[in-house]
Amino acid sequence: MSVISAPVPVEDCLDDGALEVARTWHPWRWVISALVLVLMAQFVHGLVTNPGWDWSTFAQYFTAGSVLKALWMTVKLTLWGTVLGFVFGVVLAVGRLSHNPVLQVIAWVYIWAFRSIPLIVQLLFWFNITYLYQTLSVGIPFGPGFFSFEVNGVISGFTAAVIGLALHQAAYSAEIIRSGIISVDHGQIEAAQSLGIPRRRQFFTIVLPQAMRGILPNAANEVISLFKGTSIVSTMAIAELFYQVQVIFGRNGRVVPLLMVATIWYIVLTTLLSIGQYYVERHYARGSARALPLTPWQKVTRKYAEIRDSRVAVPRGATK
């Protein structure tokens, strides 16, 4: 004979007071955290006390006129290389996505070639382009020319660097843009076509906002890499940041503090680019979630408002 026990009330099972909560201990987490903090403290102590860093020389040249001028040259190289590279990258991406086999092959060959050749080789090639072409003419292909000009007078060191950086950047930008476009679900495009939405409006209102979510992280990484990669043009004797730092420590022999000047400036500009990336990504993330996460500034202001409101809510004369 079996005995059937009475069912336990659901309210008793859900009673939090009857549950015994065991606290989880993570001793290794505290050990690793303490070890990391000790190592960081030792590193900071070395930065402050080691005379080899020579922070006085660093402070002397960090905002020197020649360094700031070279920094502006680095920014210009990055700006021109990014703008022209992504504009040409869009053309290449369209060529790869087109139904024209000739455009597909040309775009694929370009991307294959420029991703295969090191950037420094491309820069040196454009810097010495006058060895191959002293003059260029504009006219009918395989026919008479209307006018000609000296290549050496048109393509300076700065122009050669911009051309090399832009053409190199275009090969990578094209693949980033193409991958972002093909990541959009084709069913949405078919739905837009069934509704009679024009193709131009389909691209700018449906495809592009979604593609930008996949394009932006990789594109920002490419811009940051290009910004740091401009140091390669120092081989062409262009007075960008790294070249100017080399010139200065070549005169005074203060290698470490001058390298720190370049390092800190690279970190500052990269940080600004990262902040810009964060807010642009946040702009295109609208619609992907019900509510976007708070920005760091919004978190600070909300925390301040909570602290202020909690103080106001305490009655006057009340003791804590």
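Residues numbered from 1 in each chain as written. Predicted model: local features only at pLDDT ≥ 70, side-chain atom pairs only at ≥ 80, totals over all residues. Heavy atoms only, no water.

(A) Structural context of the environment of Ile215. Positionally, Ile215 belongs in helix H10 (residues 199-229). In this structure, the C-alpha to C-alpha distance between Ile215 and Glu281, residues 66 residues apart in sequence, is 9.6 Å. (Helix = DSSP H or I, 4+ residues; strand = E, 2+ residues; numbered from the N terminus.)

(B) Representation of the nonpolar core within the structure. Among the nonpolar cores identified, the biggest contains 18 residues, and Tyr61, Val67, Leu241, Val245, Leu258, Val261 and Trp265 are the most heavily contacted of them. Those elements giving two or more residues to this core turn out to be helix H3 (55-62), helix H4 (65-97), helix H11 (241-252) and helix H12 (255-284). Examining the composition of this core, we find that seven residues originate from one element, H12, more than from any other. Among the nonpolar cores identified, the runner-up in size contains 15 residues, and Leu77, Ile129, Ala161 and Val162 belong to it. (Core = buried A, V, L, I, M, F, W, Y, C linked by side-chain atoms within 4.5 Å. Buried < 20%, exposed > 50% of the residue type's maximum accessible area, 1.4 Å probe, protein only.)

(C) A look at the environment of Pro209. Inspection of the secondary structure assignment puts Pro209 in helix H10. Overall, the relative accessible area of 23% leaves Pro209 in the partly exposed class. A sequence separation of 76 residues divides Pro209 from Ala285, and the C-alpha atoms of the two residues are 8.4 Å apart. Discounting residues that sit within four places of it in the chain, Pro209 has contacts with Phe203, Phe204 and Tyr284. (Contact = heavy atoms within 4.5 Å.)

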